[in-house]
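Now for the letters of each chain:
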Amino acid sequence: MDELLNMVGELVIERDRLIALFGSEGKSTLEFERIKRISSNLHYGIMNVRMVQMGFLFNKFHRVLRDAASSENFEELNRLFVELEKDQSRKKAIANIFRIVHTLKGNAMGMGYDKIADLAHTMEDIFGAIKNGEIPLDKELVDGLFRANDKLGGLINAVTSGERVSYLGIKTKLAVYLKNAREESDGQSEDDQDETEV
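Residues numbered from 1 in each chain as written. Predicted model: local features only at pLDDT ≥ 70, side-chain atom pairs only at ≥ 80, totals over all residues. Heavy atoms only, no water.

Novice: Would you take a moment to explain the nonpolar core for this structure?
Specialist: For soluble globular proteins, the rule of thumb is that nonpolar side chains tend to be buried together. If you look at the biggest cluster of nonpolar residues, it comprises 40 residues, and the most contacted ones within it are L77, F127, I130, L137, L141, L145 and L152. Among the elements of the structure, helix 3 (55-86), helix 4 (91-111), helix 5 (114-131), helix 6 (139-161) and helix 7 (168-197) are those that each provide at least two residues to this core. If one sorts the elements of this core by residue count, helix 5 sits on top with 9 residues. Not counting chain neighbours up to four residues away, the residues in contact with L141 comprise I126, I130, I135, P136, L174 and Y177. (Core = buried A, V, L, I, M, F, W, Y, C linked by side-chain atoms within 4.5 Å. Buried < 20%, exposed > 50% of the residue type's maximum accessible area, 1.4 Å probe, protein only. Helix = DSSP H or I, 4+ residues; strand = E, 2+ residues; numbered from the N terminus. Contact = heavy atoms within 4.5 Å.)

If you want it as structure tokens, here you go:
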């Protein structure tokens, strides 16, 4: 059941990513709405099945997530971001940020906090690409990641405060940045390969 829940969580995140990317280009269609409705129904159905015997406990999970994530993980994230701002080549800081956002994504996804999981997933993708040398960490990207980290903290706090936090703008900006950087890197690799073949 846990594996099924994780797969549905990944489906919801990818669905939202597609809707954000294509919706920002004005291509939101009936098909997107249908996919959104079906995947949401599937997600909530799985959550209900999983929580049948644990409903009373699930109501307390939001506090566990907020306390654990915001007190230790989020403070550590903030410290690592400050460290990264001073020296963008710190591989250990990059690896630790990747690990923390991966953990936050998994915890949030397992508890049904899709917005936290969604933004953490995008940040995880970016830091994974940086860590693997796929994209460089420049000032524009650092600024965007700082904004994303602030939004992530806001989303974590909103679990208990109920405050509405908008995050799709920065999430989409980072996703587009990663897509463009990977395409540019792939194009450069093809050019280098053409030169070696000549």
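Novice: Sorry if this is basic, but what is going on with empty space enclosed by the protein here?
Specialist: Unoccupied space between atoms shows up once a probe the size of one water molecule is rolled over them. As enumerated under the stated definition, the model contains 1 cavity of 30 Å³ or more in all. Roughly 30 Å³ of internal volume is contained in the largest cavity. For the largest cavity, the full set of lining residues is E140, L141, G144, K173, L174 and Y177. Taken together, the elements giving at least two residues each to the lining of the largest cavity come down to helix 6 and helix 7. (1 Å grid on protein atoms, 1.4 Å probe; cavity = no way out; pocket = protein on both sides within 12 Å on 5 of 7 lines; lining within 4 Å. Points joined across faces, edges and corners; volume = space filled by probe spheres on them.)

Novice: Just checking my understanding: could you explain the layout of surface pockets for this structure?
Specialist: By volume, the second largest pocket amounts to about 200 Å³. In this structure, the second largest pocket is lined by Y113, D114, K115, I116, L155, A158, V159, E163, R164 and V165. Looking at the lining of the second largest pocket, the elements that each hand over two or more residues are helix 5 and helix 6. Here the lining of the second largest pocket is composed, by residue class, of 6 nonpolar, no polar and 4 charged. (Nonpolar A, V, L, I, M, F, W, Y, C, P; charged D, E, K, R; others polar.)

Novice: Looking at this structure, how should I read the packing of aromatic side chains?
Specialist: Within a pair of aromatic rings, the relevant descriptors are the distance that separates the centres and the angle that separates the planes. Enumeration over the complete set of coordinates arrives at 2 aromatic pairs. When the ring of F81 is compared with that of F127, the centres are 5.9 Å apart and the planes differ by 80°; the resulting orientation is edge-to-face. Residue F81 is located in helix 3, and its partner F127 is located in helix 5; the two are separated by 46 residues in the primary sequence. Assessed through its relative accessible area of 2%, F81 is described here as buried. By way of ring pairs, the aromatic residues F81, F127 and F146 are connected into one cluster. For K131, the ring lying beneath its charged end belongs to F98, and the centroid distance is 4.5 Å. (Phe/Tyr/Trp six-rings, centres within 6.5 Å; stacked < 30°, edge-to-face > 60°. Lys NZ or Arg CZ within 6 Å of the ring centre and 35° of its normal.)

Honestly, that's just the spatial picture; any functional story needs more than this.
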